[in-house]
Every structure is written in structure tokens, then in C-alpha cells.
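The lines below spell out each chain.
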Amino acid sequence: MDMQEKTKRIIREDIEAVRAYADCFGVEMPDLDENGEVVGLPAPYPREVAGVVRSGYRIHELALKARERGWPVQNPILGRNTAEETLKESKEMYAFAEKFDETIFHFVHSEATRHIDPLKGRELIEQSRGKGGITPKGEREFIQMGGGSRHPVRINATGDTPHLSILNALIAGFDGTDIGPVIHVHFGGRGIHDYRTKVVNGYKALQICAENKIYVQLDSHKHLNNIGGTDGMALAMCLLAEGLAIHAGLPRELSAIQMNIAGINIFADLALMRAFRETLWSDGLIVVPETFQSPPGDLIAEAAHFARMAVNAKLGGADFYRPKAAESVGIPTGDSMGRAIWGTENVFTNTYAVDIEDSRITERKAEILEEAMAVLEAVLHLPERSLKPKDITPAFWMQWKDTELIDLIVEGGKSGRMDCPRAGGWDLKRFVKVNRDPDGIKRYVPGYTPLGIDPSRVAVTKEDIQVEPEKEPTRPEKIVLATVGADAHVNGINLIRETFQHAGYEVVFLRGMNLPETVAEVAAEANADAVGVSNLLGLGGTLFPRVEQRLKELGLRDKMVVWAGGRIAEKEEEHQYYEEKIKKEGVSFLGVDAFFGPDSTPEQCLETITRLIQEKKAKQ
């Protein structure tokens, strides 16, 4: 049997997309010869690339090391726009780890454009090039220049067509990948495809990883947590992703799940890690600090914020832990990430490991598991209360064909059985509402639990939460909101949308991944009073002015307030320059009337835009 049979079949099926990827990103990809046979596909791992034998098992060996010694291997994230820059900054980062003879698991963050299908979103890709991390071509150059020689590396292959990015990573020589994750990166977001296509392509990515021995960050509690989802819902989705991984033939040693811990409540964090460990088939657990709590702006205070979570990750038995550095000001330098590694190592080696037992941990773990089982029973159409964590074995998943399992997952998302407040996919049903209680745990608001799930089986808040009912706009003004460029970060703009809707505005919301001209044209068609755009990739200086330019061409710029939010500078060292430029020159160079950066609040935005709309109306 051909050891790459599935990989070759996928290449044949999607050859036009493979060729579009090669053309769009300027790299050689596998192709078909005149007989329809696949050519240009390298052998699976283990395989020597640039003098080093690469394999996903290099990463698994680090997980074993973490368990033997009693604290996690560090999994820092650092990827710049070119191979040269990435290698330079990586060497500065590595120097800190090598001070204490530590081998790390390096997540090389990749360019945001790979979220987009090159067949269907070429223009979005072209207009967002060179931002968000290393390019596909840069991946290959980075390895040839020495990247990943001592420290195993993985790339993110998220979005519409992760299987294409994984083929590129296999050619380049990356040991591991993040494939989407399968069920929910932003729960269907990060791209332009419908949810079914994302799940199908995620499964293709899993098959390629399985045949080629690539280490996989399979799915992520973190991403659902970031958009308001609960721990039990996230666990159910991760288990469904594991079902697909088992169908794909992925060895469990090459599968890992990523999760957030918040550092607010040690009992809650330990309960969460124990619930995942008790239920997961995946061998690896990657723990990431939660960063969507508005941490202190001062970077020293922010380091303390992350140190709390490093303690909990060690006590919870994580295999890998991601140190954080300068998170609020863009892509960090190698030096600042290196210092984060140094500080985190100090936390790990000077925290006494103790097995904490408390009834609050046991109770919270039981809540998480109960919700996960209830969600799985509903999604898989099983009898209620028929499923226990011990039942979820590889044999359990194999009772469905892979196509049947995909159908059930997609139906679960579209029916509202799988749900979270800010799901990114445009074709998913949304209903639930949650509250973060004083103990740091997200619980459902009564009356807004997942559809088709017994409310008694999920954690419901006891706080007095007043949910404002959906209401018709009470103000005459209308606004348009959208992210521009290959940017799927919709959490912030969702908060802005909710704030303006609660204030009585009519909001036209275009979600993520839009051309600036499209946003302007929708604003013109809607006869909007204001248009707000966002980008967190450092592309604002290029993309925001194009909204203004198109409105000028339409003769509407003087009639509309234009504002922007997000991050103008992509990299840590560029941040100060733009802050000073705004202080000296204002925001007109961005083509906007107002700009709201990471430290802004929705209330500030509402107050300012309301005033600007009134002032503009008074002049007309």
C-alpha cells in the first residue's frame, strides 16, 4: 500500500487549489504529471531536511520530558515577515532558553493570508501580504537557514484550506502544525468559506498529518473561550475533533489540544485541566495564558499577570506552556520573548509541585464533563444521559463513517447545539448568552443555554443578569462595521457592534475579511451615517485610507463619519512610532475621523462617534 495514498488523493482532488497556492505564494507545490500521477511530494517524516531529521515525534519527546521532570516545555510564539528576520529574532529568543540548556517547542507564527482560499480570495491575499508572520516562502527559507535545528518548530495552517498550508510545511520541514483547529477557530471564522467546507478541509489536513507524521495541535479550548464559549462546550468540540483525527489515522502521540487558563481561580483552572485530561484521547496538552482580560498596560505588571497562569499550568500537569511577551503591542521581538521564557522558567523551577485536592475542584470538573457529555449526546443524536467519559474510545468514534461524523458536526453548528456568543462563522446559528462570574468561570444566562440541551446539565449563573431583549433601532442613524484585509479578529468589533446596538443604532455588520472598497460601497448602499473598520495585523496604514478614498469617489466622504480600531503597528518595535505620530499629527493620515487602539473602551468609541455624527449633521 502507498504510504501517502490519502495525501496523493487529496492533491488530485484539489489540484487547482494546490496550483493556485503555488502561484499566489510563489512556491513550488506538488503537481500532476501527464499521466495524472503526483510529482513533487516529499517523503513522509522522519525525513532529513537541512541536515536535521524532522518528525512530529521530536515534539512528542519533549512532552515526555515535561512529564518526567514535572514542569512544561515552553511553547513560545514568534514569527516575523521574512525568514531572515524570523531567524534573527528567533536566535535572540533561543539564547535565553539555552542559558539553562532548555529545548523549546517553537510556534512560528505565519502570515495571516493563509487563512484564505487562494482560488476564491486572491485579492484579499494580495492586499494583506507580508503581515502577521512568516510567509509560505519564508517557511522554506527559515528551515534552510537553520531554523528548527535544535528546537522543533510548528506553523499555523488555519482557515479555509489548512491542508494546502500543511503541504507547504511538509516540504519546508516543519515538525508540527495547528490545523485550524478542526471544529472551531473562531468557531467557523478565519476565512471566507462556509462551515462545512472548513470541517471537510480540516479533515483533509488531518489525513495529511497522519500519513506524514506531523505533530498536530488538533483543536482549541482557547479559541472558543476567547469568543465567549464555555469550558464544557469547548471540551465537547475538542472531543469531536478527536473523532475525526481517529478516522484520519493520526497517532495519539502526535495529537495535542490547546487550552486557556485564566489565573483568576486556581480551583477552576485545575478542574478544567483535569476534565480535559480525564476525557481526551490526544496525548499532548498545550496550555496558553488567557489574554482577553484587558491585562495591565505596563509590561512588567503584564508579566505578573502571565506568571499567575504559569503556576497553574505547572500544577495542572501541562505538557507545554506558552510564555507571553508584549502581547498588547503586537508581534514581540526575540529579546522580549526571550525574557518571557527566562521569567517563566524561573516560575516553573521555583514553584513547588503539590497535588491540590478540594471539593470545589471536583464539583467544577463534574460540571464541565456533564455539559460536554450533554452536548455530544445532542450532536451525535444519542439517547440522553447515555454517555460517560470512559465510553469515548477510538471504537466509539468508529461506529460512524467519516462522512457521517462530518455531517453531524456541521449540523451541530448550524442547529445551535454547538454554540457560543461570538461565533465567527456566518452560517452558524447563535443563541446562547454567558456571564463571567466573580469566580472567573463562564456560565450561561438562564433562558439562553444551548438549543437542544437540557438546561439542568449546564452551568447557569446565579448572578442577577439583565439581558436586554432584541429591539428595533431607536435612533435614526445607521452605521456599518467590518474588519478589512485578511483579518478574522472579530472579538473587538463584536463588542463595538453590541455597544452601538444597545444605544439604539441600526448596525450593518460585515464580520471579518473584507476589501476596504467593499465596506465603503456597502456603507453607500445602506446610506450610512458612519462606517467603522478594524484591523489587528498592522495593515491599517494601508487599508483604512482606501475606505476614505472610495467614499470620496462616490461623493460621500463629507457625509459620513469614518473611524477605525485595532492595531496600526504589527511589531513591538514599531508601536511607539505610530503612537507618537498620532499624538503629533492626529489620525488624518489613516483617512479617518477617529482611531481607537487596544486601550480604548466601547463606551469611549460610542461617545466620540455619536458626537462626530451630530457635528457632521449640524454642518450639512
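The text that follows walks through the structure, step by step, so that each part is easy to find. All figures in this text were calculated on a predicted structure; none of them were measured in a lab. (Residues numbered from 1 in each chain as written. Predicted model: local features only at pLDDT ≥ 70, side-chain atom pairs only at ≥ 80, totals over all residues. Heavy atoms only, no water.)

A separate point is the pairing of strand S10 (residues 255-261). Taking burial as the measure, the 7 residues of S10 include 7 buried ones, the bulk of the element. Burial along S10 is two-sided: Ser255, Ile257, Met259 and Ile261 and Ala256, Gln258 and Asn260, pointing in opposite directions, are all buried. As paired elements, strand S9 (residues 215-220) and S10 share 4 bridges and run parallel to each other. Bridge assignment links aspartate 219 to a residue of S10, and that residue is isoleucine 257. Across 6 bridges, the pairing between S10 and strand S11 (residues 284-289) is parallel. Bridged to isoleucine 261 within S11 is proline 289. (Buried < 20%, exposed > 50% of the residue type's maximum accessible area, 1.4 Å probe, protein only. Helix = DSSP H or I, 4+ residues; strand = E, 2+ residues; numbered from the N terminus. Pairing = 2+ DSSP bridges.)

Throughout the structure, instances matching the rule amount to 2 cavities of 30 Å³ or more. Considered as a void within the structure, the largest cavity measures approximately 160 Å³ in volume. Asp231, Ala262, Asp269, Arg436 and Gly440 are, among the 19 residues lining the largest cavity, the residues nearest its centre. Counting only elements with at least two residues in the lining of the largest cavity, the list comes to helix H9 (221-226), S10 and helix H11 (266-279). (1 Å grid on protein atoms, 1.4 Å probe; cavity = no way out; pocket = protein on both sides within 12 Å on 5 of 7 lines; lining within 4 Å. Points joined across faces, edges and corners; volume = space filled by probe spheres on them.)

What follows concerns the packing of helix H10 (residues 231-248) against H11. Between H10 and H11, the shortest axis-to-axis distance is 11 Å and the interhelical angle comes to 25 degrees. What the angle tells us is that H10 and H11 run roughly parallel. The handedness of the crossing between H10 and H11 comes out as right-handed. Contact residues: H10 offers Asp231, Ala234, Leu235, Cys238 and Leu239, while H11 offers Leu272, Ala275, Phe276 and Thr279. Residue composition of the contact of H10 with H11, grouped by class: 7 nonpolar, 1 polar and 1 charged. (Axes fitted to C-alpha atoms, helices over the stretch in contact; angles between N-to-C directions. Parallel < 35°, antiparallel > 145°, perpendicular 65-115°, else oblique. Left-handed = near helix turned anticlockwise from the far one by under 90°. Contact = heavy atoms within 4.5 Å. Nonpolar A, V, L, I, M, F, W, Y, C, P; charged D, E, K, R; others polar.)

This part takes up helix H19 (residues 540-553). For H19, spanning 14 residues, the distance from its first C-alpha to its last is 20 Å, which sits close to the expected 20 Å at 1.5 Å a residue. Considered for burial, the residues of H19 that qualify are Gly540, Leu543, Phe544, Val547, Glu548 and Leu551. Projected down its long axis, H19 carries its buried residues within an arc of 145 degrees, all on one side. Its buried side turned inward, H19 meets helix H18 (516-525), strand S17 (530-535), strand S18 (561-566) and strand S19 (594-596). Looking one or two places after H19, you find glycine 555, whose phi comes out positive at around 70 degrees. (Expected span 1.5 Å × (residues − 1). Arc of directions from axis to C-beta.)

Okay, the environment of isoleucine 264 next. Of note, isoleucine 264 is situated in the loop between S10 and H11. According to the relative accessible area criterion, isoleucine 264 is partly exposed, its value standing at 40%. Measuring from C-alpha to C-alpha, the distance between isoleucine 264 and glycine 440 comes to 5.8 Å, with 176 residues separating the pair along the chain.

So, about helix H17 (residues 491-502). If you check H17, its first and last C-alpha atoms are 17 Å apart, about what 12 residues at 1.5 Å a residue would give, namely 16 Å. Inspection of H17 places Asn491, Ile493, Asn494, Ile496, Arg497, Thr499 and Phe500 among the buried residues, and these make up the whole buried set. On its buried face, H17 is in contact with H9, strand S15 (478-483), strand S16 (506-509), S17, S18 and helix H21 (602-619). Phi turns positive, to about 100 degrees, at glycine 504, one or two residues after H17.

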